[in-house]
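Structural features, examined
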Amino acid sequence: MRLPTVADIEQRLPKPEDFESRARGTELSARVGRLLGIAFGICFLTGMWSHFQYTTPGWVPLGPNPTQLYRFTQGTHILSGIAAIPLLLVKLWSVFPRLFSLPPKKLDRHLVIDLVEKASIGVLVASSFFMLFSGLLNIAQWYPWNFSFRRTHEAVAWIAIGSLIVHIAVKLPVIREALGAPIDHRDHDLDPDAPTRRSVLQGAVAASGLAVLLTAGQTVPLLRKVSVFAVRDGQGPQDLPVNRTAKGAGAATEAVDPQFVLEIVVGDQTLSLNRDQLLAMPQRTHRLPIACVEGWSRNAEWTGVSLRDVIALLDAPPRSAVKIRSMQTKGAFGTSLLPAAYVEDHRTLLALELNGETLSLDHGYPCRIIAPNRPGVFQTKWVKRLEVQA
Ligand SMILES: Nc1nc2c(c(=O)[nH]1)N[C@H]1C(S)=C(S)[C@@H](COP(=O)(O)O)O[C@H]1N2
Ligand SMILES: [Mo]
C-alpha cells in the first residue's frame, strides 16, 4: 500500500469553492462582523470597568456615585456578551470555507503573510470562544476549571481585543468593499429557495435579540417574566435573590448565636456592639441595588446604621478604608476592603433590615454591608468585624 502524498490529501480536502451556500460571502461576513465588533467593544469596555471596580486603581475616579452605575455597566457587559454568541457562530459559519484555502506553495513573502494571517485569526477565534463561554459558565456559576476566573478572563480579553484590532486593520479594504456593496447582489443566477444573505443576517440579529430578551430580566424588572434563562429571576427571601446561602458559606451557626457582638477595631482600640446596641443607634433607610458580577441585579430598601457613624464611635481618622470580616468559613468573598470614598458616604450601611423586615439569614443576618455602586461580591454578609485601616 502506498502512503497518500501531499497532493492526494490536497485533492481530497474541500476547496473554498465547494461550499455552495450563496448566503456565504464577504457581504454577509462584514455585516455580521460589524455587529459582532460592536458587541465585543461594549463587552470589553464594560468588562474592564468591572476589573477597575474590583481592583480600585488610584487613577480611576471610582466612588459611590452614580449609585446604579455598576448595575448598568455589568448588566450591559453580560448582555453584550450573550448577544455576541449567535453573531460569532454565524460569522464563523460565513467564513468557514476559507479555512480550506491552501497556503501559497512557494516559500516567499506571500506564504509568510498567509500563515501570519491564519495564525492571527486562530488566536482571535480561540480567544473569542474562551471569553464568551467562560463568561457564560461563570454566569451559570459552574467552574469546571481551576484557574482564577477573573484574572484569566481579563488577560484573555486583551488577547481577544488585540487580535480583533489586528484582524480589522488587515481586512479593512475587504470590509470597506463588502459594506459598500449591496448585501445580495449576486443572487440572480442561484437557487431561489436557498436562504439569502439578508435572511441569514436577519436570522443572526433575531437570535441575538432573543438571547438578550431571555436573560435581560435578571436586571431589567419589566422583562422578568420573559427571561426564562435568567440565572436569578428575582425569587428569594424578602423579595431579593440569594447568591450564597449562610449554610453554603459555613456561617449559619455563628450568625444565629445570641451572644453575637460586632467588633470595631481602630489601632489598638476595640469596641464590641451587640445587635440591640446597633438598633439603638440612629437608623437610616436607603434604596440601593445588589449588582452581581454575574449580571443579575435588584434594588431593595435597606435599613441600618451608617458605617461612618459606627467607626466614628472610636474616633476613626478621616479618609480611612475599612476591612470587613465576615463569619464565613467556606469559599471566597468572606472579607472585603471598602475604600475610603465609600466609607465616607452616609448611604453606606451596616444593614440590619431589608425591605422593612429583619435581615434574613441568607441575606446576611445579623448585619451586612451595603454600599452604593459596589460590585455585589463586596457587599459582605454576616459581618463580625470592622477593621479601620488607619
Ligand atoms: N460573606 C459573604 N458575603 C457575600 C457573598 C459571599 O459569598 N460571602 N457573596 C456576595 C455576592 S457575590 C453577592 S452578588 C451578594 C448577594 O447578596 P444577596 O445574596 O443578599 O442577594 O452578596 C455578597 N456577599
Ligand atoms: Mo455576586
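What you are looking at is a predicted structure, and each value in this text was computed from that prediction instead of being measured. Sequence order as written defines the numbering, with residues in each chain counted from 1. Whichever chain is written first is A, and whichever ligand is written first is 1; the rest continue in order. Totals for whole chains, interfaces and linings use every residue, but because this is a predicted model, local features are given only for residues with pLDDT of at least 70 and side-chain atom pairs only at 80 or more, for both listing and counting. The basis for every side-chain value is the complete set of non-hydrogen atoms in the structure, without hydrogens or water.

**Here's the deal with the overall build of the chain**
Quick note on the threshold: Helical segments are the DSSP runs of H or I of at least four residues, strand segments are the runs of E of at least two, and each set is numbered from the N terminus. A radius of gyration in this sense is built from C-alpha atoms; the matching globule rule multiplies 2.2 Å by the number of residues raised to 0.38. The classification of residues rests on relative accessible area computed with a 1.4 Å probe and restricted to protein chains. Under 20% of the type maximum is buried, over 50% is exposed, and intermediate values are partly exposed. The contact rule is simple, with two residues in contact once any of their heavy atoms fall within 4.5 Å. For the purpose of counting charges, residues Lys and Arg are taken to be positive, whereas Asp and Glu are taken to be negative. His and the chain ends are not included. A charged residue contributes its charge at one atom only: NZ of Lys, CZ of Arg, CG of Asp or CD of Glu.
For the chain, the helix and strand inventory stands at 10 helices and 10 strands. The globule rule puts the C-alpha radius of gyration for 390 residues at 21 Å, and the 27 Å found for the chain is more than 25% above it. Dimensions of the chain, computed from the C-alpha atoms along their principal axes, are close to 85 × 45 × 45 Å. When burial is assessed residue by residue, the chain has 47% of its 390 residues classed as buried. Considering only intrachain contacts with a sequence separation of at least 6, the fraction spanning at least 24 residues in the chain is 70%. Computing the positive centroid from 41 side-chain charges and the negative centroid from 33, the chain places the two 2 Å apart.

**A few points about the packing of helix α3 (residues 69–95) against helix α4 (residues 109–139)**
Quick note on the threshold: Axis geometry follows a simple rule: fit a line to the C-alpha atoms, using only the stretch in contact for helices, then measure angles between N-to-C directions, giving values from 0 to 180 degrees. We call two directions roughly parallel when the angle between them is under 35 degrees, roughly antiparallel when it is over 145, roughly perpendicular when it lies between 65 and 115, and oblique otherwise. Should the near helix be turned anticlockwise from the far one by less than a right angle, the crossing is termed left-handed; should it be turned clockwise, right-handed. Charged means Asp, Glu, Lys or Arg here, nonpolar means Ala, Val, Leu, Ile, Met, Phe, Trp, Tyr, Cys or Pro, and polar covers whatever is left, Gly included.
Direction vectors running N to C along α3 and α4 enclose 140°, while the axes themselves pass 10 Å from each other. Judged on the interaxial angle alone, α4 and α3 are oblique. In terms of crossing hand, the pair formed by α3 and α4 is left-handed. For the pair α3 and α4, contact is made by I78, G81, I82, A84, I85, L88, L89 and L92 and by V125, S128, F129, L132, F133, L136 and I139, respectively. Considering only residue class, the contact of α3 with α4 consists of 13 nonpolar, two polar and no charged.

**Here's the deal with the nonpolar core**
Among soluble globular proteins, nonpolar side chains are generally buried collectively. What counts here: Nonpolar cores are built from buried Ala, Val, Leu, Ile, Met, Phe, Trp, Tyr and Cys residues. Side-chain atoms within 4.5 Å join them into one set.
Counting residues in each nonpolar core, the largest one holds 34 residues, and the members touching the most others are L262, I264, L278, V310, L350, V383 and L386. Counting residues per element, the ones that place at least two in this core are β1 (262–266), α9 (307–312), β5 (321–326), α10 (340–343), β7 (349–354) and β10 (383–389). Leave out the neighbours within four places in its chain, and L262 touches L271, S272, L273, L278, V310, L350, C367, V383, K384, R385 and L386. Counting residues in each nonpolar core, the second largest holds 25 residues, with L28, A39, L124 and A204 among its members.

**Notes on the pattern of salt bridges**
Short version of the rule: Think of a salt bridge as a Lys or Arg side-chain nitrogen and an Asp or Glu carboxyl oxygen that are within 4 Å of each other.
One pass over the full model with this rule turns up 13 salt bridges. The salt bridge involving E344 is made with R319; its shortest N-O contact spans 3.0 Å. Here E344 is found in the loop between α10 and β7, whereas its partner R319 is found in the loop between α9 and β5, with 25 residues between them in sequence. Residue class for R319 comes out exposed when judged on its relative accessible area of 58%. Two residues, R347 and D345, come together in a salt bridge whose shortest N-O distance is 2.7 Å. Judged on exposure class, the residue R347 and its partner D345 are both buried. Taken together, the shared-partner salt bridges connect E263, R325, R385 and E387 into one network.

**A few points about a nonpolar patch on the surface**
Stated formally: Nonpolar side chains (Val, Leu, Ile, Met, Phe, Trp, Tyr) are joined into patches within 5 Å and like charges within 9 Å, using only residues with over 30% relative accessible area and no salt bridge. Accessible areas in this description were obtained via Shrake-Rupley with a 1.4 Å probe; residue shielding takes into account the shown protein chains only.
On the surface, a nonpolar cluster with roughly 300 Å² of combined accessible area is contributed by L35, I38, I42 and V205. Broken down by element, the nonpolar patch gets its largest block of residues, three residues, from helix α2 (residues 26–55). Mapping L35 onto the fold places it in helix α2. A relative accessible area of 31% places L35 in the partly exposed class.

**Examining the site of ligand 1**
Our working rule: Note on terminology: near, applied to a residue and a molecule or strand, indicates that one of the residue's heavy atoms is within 4 Å of it. Counted as a polar contact is a pair of N or O atoms within 3.5 Å, where, for protein atoms, one must be capable of donating a hydrogen and the other of accepting one, and residues adjacent in sequence contribute only when both atoms are in side chains.
Among the 20 residues in the neighbourhood of ligand 1, the closest are listed as P241, Q328, H363, R368 and K381. H363 has a polar side-chain atom sitting 2.6 Å from an oxygen atom of ligand 1. Protein burial of ligand 1: of its 540 Å² of free accessible surface, 98% is covered by the chains. Class assignment of the residues belonging to the shell around ligand 1 gives a composition of 10 nonpolar, seven polar and three charged.

**Side note on the domain arrangement of the chain**
Put simply, the test is: All the domain ranges listed were derived from an automatic or database domain assignment.
Split by domain assignment, the chain resolves into domain 1 (6–223) and domain 2 (252–389). The C-alpha centroid of domain 2 is placed 41 Å from the C-alpha centroid of domain 1. Each side of the interface is counted separately: domain 1 has 23 residues, and domain 2 has 23 residues. At the boundary of domain 1 and domain 2, one finds 12 residue pairs in polar contact (both at pLDDT 80 or more). Looking at the side of domain 1 that touches domain 2, the element that brings in the most residues is α3, giving six residues.

**Some details on the sheet that holds β1**
Rules: A pair of strands is considered paired only if DSSP assigns at least 2 bridges between the two.
What the five strands build is an open sheet, ordered β2-β1-β10-β5-β6; its pairing is mixed. A single partner strand is all that each edge strand has here, and the edge strands are β2 (269–273) and β6 (335–338). Within this sheet the neighbouring strands show an average axis-to-axis angle of 15°, counted without direction. The sheet contact formed by β1 and β2 spans five bridges and is antiparallel. When the sheet's bridge partners are listed, V265 is paired in β2 with T270.

**Brief notes about the packing of aromatic side chains**
Definition in use: Pairing of aromatic side chains here covers Phe, Tyr and the six-membered ring of Trp, requires ring centres within 6.5 Å, and sorts the geometry by plane angle: under 30 degrees stacked, over 60 edge-to-face, intermediate tilted. Put simply, a charge is over a ring when the Lys NZ or the Arg CZ is close to the ring centre, within 6 Å, and near the line of the ring normal, within 35 degrees.
Following the criterion strictly, the structure yields seven aromatic pairs and no others. With a centroid separation of 5.6 Å and 15° between ring planes, the pair formed by F129 and F133 is classed as stacked. Here F133 and F129 lie together in helix α4, a separation of four residues that amounts to about one turn. Overall, the relative accessible area of 32% leaves F133 in the partly exposed class. Ring pairs connect the aromatic residues W49, F52 and W59, which therefore count as one cluster. Positioned above the aromatic ring of Y342, the side-chain terminus of R374 is 5.1 Å from the ring centre.

**Topic: the pairing of β1**
The element β1 is extensively covered by neighbouring structure, given that four of its five residues are classed as buried. If you look at the hairpin formed by β1 and β2, you'll find two residues sitting between the two strands, and G267 has a positive phi there, around 55°. Where β1 meets β10, four bridges bridge the pair, whose relative direction is parallel. Residue pairing for β10: I264 is matched across the bridge by L386.

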